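# Secondary and tertiary structure notes
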Amino acid sequence: MTLLAFTGNRFLAEEALRETLISRGLNPRDLPRLSGDDVTAQTLGPHLSPGLFGDGGVIVDLEGVKPDKALLELLAGAAVTVAVLDETAPATRVKLYQARGEQIVSAAPSKPGEITGWVAQYARKQKLPLDKDAAAYLAEVFGSDLAGIASELTKLALLGGPHTRQTVQRIVGREPPGDSFAMLGAATAGRPGEAVGQLRRLLASGEDPFKLMGAVVWQYSLVVRCVALLQEEGRVTETAAAQRLGVKPYPAKKALDVARKLNEARIRTHLGRILDADLAMKRGLDAGVTLERLIVQLSV
């Protein structure tokens, strides 16, 4: 009867699914829901025909499932409402959804600014007095886990506001994850405490020390090239740097920020220290301690 495909961020797609089905007179809780290995023609078959009381429905979750053309055709030709959750549907499935049914697209915020904007909007919708810095903090610690953010906002709604970053951080109890670019930026700005704090958060979150060293080497390679660009051209925009370096604007901007604090002499000293730390780690010295020593040296 109706094929409804819900795409985008999973939390938002789930919300859209519930609201859409309710608006069409169907209670999502009353409908069978199939996922994983149960998404087969054999198990779906009995749910695709109307019951004694008319239109029925079924919810099909395609997370981790690779449906073939025959299965998709079966869903599209069902005599009941079929609600499909397909978070990152490929173009071929999107084309079928649009041709044979309806695609309901939810947002998929992934960048910090996008997530912060969503948090602020969601809080306003819930009439929750949450300030901008608090929204940014939730975006930092939860990333694209919108369900986790919504859960925290539900808890905050039980408390009196206004909710500042400090109050929310105390209630949530999470440290923002480390940022390797922020770590290098703090180091080159002469803020060893902040730089080491970033490193420790990165390590505590499970980052592999050798991968972190690889990130430092890669980021410093961009910084070196940015130092050269600044010496050659004086002023360089983020866009121009991204084009010259062959990277996206974000790493280009961060590399430029670090490069502006350095000159050729300092960068040579830093490269020598990075090489020494890399060799020390490969020779079996404690990787965490070696990285921490390096970050302090880069701050001098």
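Each remark here, short or long, concerns the structure printed above.
These notes cover the structure that comes with them. (Residues numbered from 1 in each chain as written. Predicted model: local features only at pLDDT ≥ 70, side-chain atom pairs only at ≥ 80, totals over all residues. Heavy atoms only, no water.)

## Re the environment of L17
Along the chain, L17 turns up in helix α1 (residues 10-23). On a C-alpha basis, the gap between L17 and S106 in space is 10.0 Å, while along the polypeptide they are 89 residues apart. (Helix = DSSP H or I, 4+ residues; strand = E, 2+ residues; numbered from the N terminus.)

## Here's the deal with helix α5 (residues 112-125)
With 14 residues, α5 ought to run about 20 Å at 1.5 Å a step, and its terminal C-alpha atoms sit 20 Å apart, in line with that. Among the residues making up α5, those that are buried are I115, T116, W118, V119, Y122 and A123. Here the buried residues of α5 occupy an arc of 160 degrees about the axis, which is enough to place them on one side. Facing away from the buried side of α5, by more than 90 degrees, are the exposed residues G113, Q121, R124 and K125. Elements that come into contact with the buried residues of α5 comprise α1, α6 (132-142) and α7 (146-156). Following α5 by one or two positions, K127 adopts a phi angle in the positive range, close to 55 degrees. (Expected span 1.5 Å × (residues − 1). Buried < 20%, exposed > 50% of the residue type's maximum accessible area, 1.4 Å probe, protein only. Arc of directions from axis to C-beta. Contact = heavy atoms within 4.5 Å.)

## Digging into the pairing of strand β4 (residues 81-85)
Of all 5 residues in β4, 5 are buried; the element is thus mostly enclosed. By the alternation rule, side chains of β4 split into T81, A83 and L85 and V82 and V84, which are all buried. In terms of strand pairing, strand β1 (residues 2-7) meets β4 through 5 bridges, oriented parallel. From the neighbouring strand, T2 faces β4, where its bridge partner is T81. Remark: the strand β3 (residues 57-61)/helix α3 (residues 69-76)/β4 crossover connection has right-handed handedness. (Pairing = 2+ DSSP bridges. Right-handed = clockwise from strand over helix to strand, strands pointing away.)

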